[in-house]
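Topology and contacts: notes
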Amino acid sequence: VTLATFAKLAVSSHESMDRFYLLMVKLNSLLTIPLFAFLLFNAKGIIGVLYLPEYAGAIYLVQGMAAFRIVSRMFAGSENAEYLLAVGRVATVVIVGIVAASLNISLNIILIPAMGAGGSVIASGSANLAVNVLGAMMVYRMSSARPQVLFWVKVAGICCIVSFLNSLVIPNGTTPIILGGVAYIAIVLALLSIVKPLSSIDSQWLSKIDRRLVSPLRWFTQSEHDMETT
């Protein structure tokens, strides 16, 4: 659906295409960063509930993967490939993929003998980060889009801080983890409603996509008055 939208905007308005790209980066980040942040600091409790004690060593692997994913979202993700494909830059997408795959294979060969599974996490995480950075750089070169650092800091900062504090007060066990997860979601939503990471322009674009999205996200959207004062 998003690729089709990018393709439609590519032949009508590059400015609208850039705005849609920025909006999709924000929405995908809002959907994924909270989950990765919770895994980053609560992996021990989650793995302890879902798996046998023999899998305790996987805690650091899950944390590593989550950390890479959070950092990578600063440079978007699949949105980069969709944007580039929509403007006919198929070769660019292929080259970026080859570079990332080569990096992944090389780092696996180098790191796994010395670090085991941890080396594989670093290799795949670095390759994924490289894909996002290279893809974002290509998008920035041909558009008005830029890294949304402030948005990323707000969302990632809030989620990571709340997740860390959550891990300090919630003991292990199925019920505490579930209750901790509910509390985490509630606190994150409350704080995001205060910092309001979405702009009024984002709200306008959401209404174009589906008006039903505007109502639940209005709590996290700045008004025009808020944007003027900031």
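Let us look at the structure shown here. (Residues numbered from 1 in each chain as written. Predicted model: local features only at pLDDT ≥ 70, side-chain atom pairs only at ≥ 80, totals over all residues. Heavy atoms only, no water.)

1. So, the packing of aromatic side chains
This structure, assessed with the given rule, holds 3 aromatic pairs. Arranged with centres 5.6 Å apart and planes meeting at 75 degrees, the rings of Y21 and Y83 form a pair that is edge-to-face. Taken as a pair, Y21 in helix α2 (residues 14–50) and Y83 in helix α4 (residues 78–86) lie far apart in primary sequence, 62 residues in all. Measuring from ring centre to ring centre gives 5.5 Å for F41 and F164, while their planes differ by 70 degrees; the resulting arrangement is edge-to-face. (Phe/Tyr/Trp six-rings, centres within 6.5 Å; stacked < 30°, edge-to-face > 60°. Helix = DSSP H or I, 4+ residues; strand = E, 2+ residues; numbered from the N terminus.)

2. Remarks on helix α5 (residues 90–115)
Taking 1.5 Å of rise per residue, the 26 residues of α5 would be expected to cover 38 Å, and the 36 Å separating its terminal C-alpha atoms lies within 8% of that figure. When the local axis directions of α5 are compared, the greatest deviation, roughly 30 degrees, occurs at N108. For α5, the set of buried residues is T92, V96, A100, L107, N108 and L111. Buried-residue contacts for α5 involve α4 and α6 (117–141). Among the residues trailing α5, G116 stands out with phi positive, at a value near 65 degrees. (Expected span 1.5 Å × (residues − 1). Bend = angle between axes of the 7 residues up to and from the residue. Buried < 20%, exposed > 50% of the residue type's maximum accessible area, 1.4 Å probe, protein only. Contact = heavy atoms within 4.5 Å.)

3. Points about the packing of α2 against α4
Two numbers describe how α2 lies on α4: the axes approach to 10 Å, and their chain directions differ by 160 degrees. As far as their axial angle goes, α4 and α2 are roughly antiparallel. Along this stretch, α2 crosses α4, giving a crossing that reads as right-handed. Contacts between α2 and α4 involve H14, M17, D18, Y21, M24, V25 and N28 from the first element and E79, N80, Y83 and A86 from the second. When its residues are assigned to classes, the contact of α2 with α4 shows 6 nonpolar, 3 polar and 2 charged. (Axes fitted to C-alpha atoms, helices over the stretch in contact; angles between N-to-C directions. Parallel < 35°, antiparallel > 145°, perpendicular 65-115°, else oblique. Left-handed = near helix turned anticlockwise from the far one by under 90°. Nonpolar A, V, L, I, M, F, W, Y, C, P; charged D, E, K, R; others polar.)

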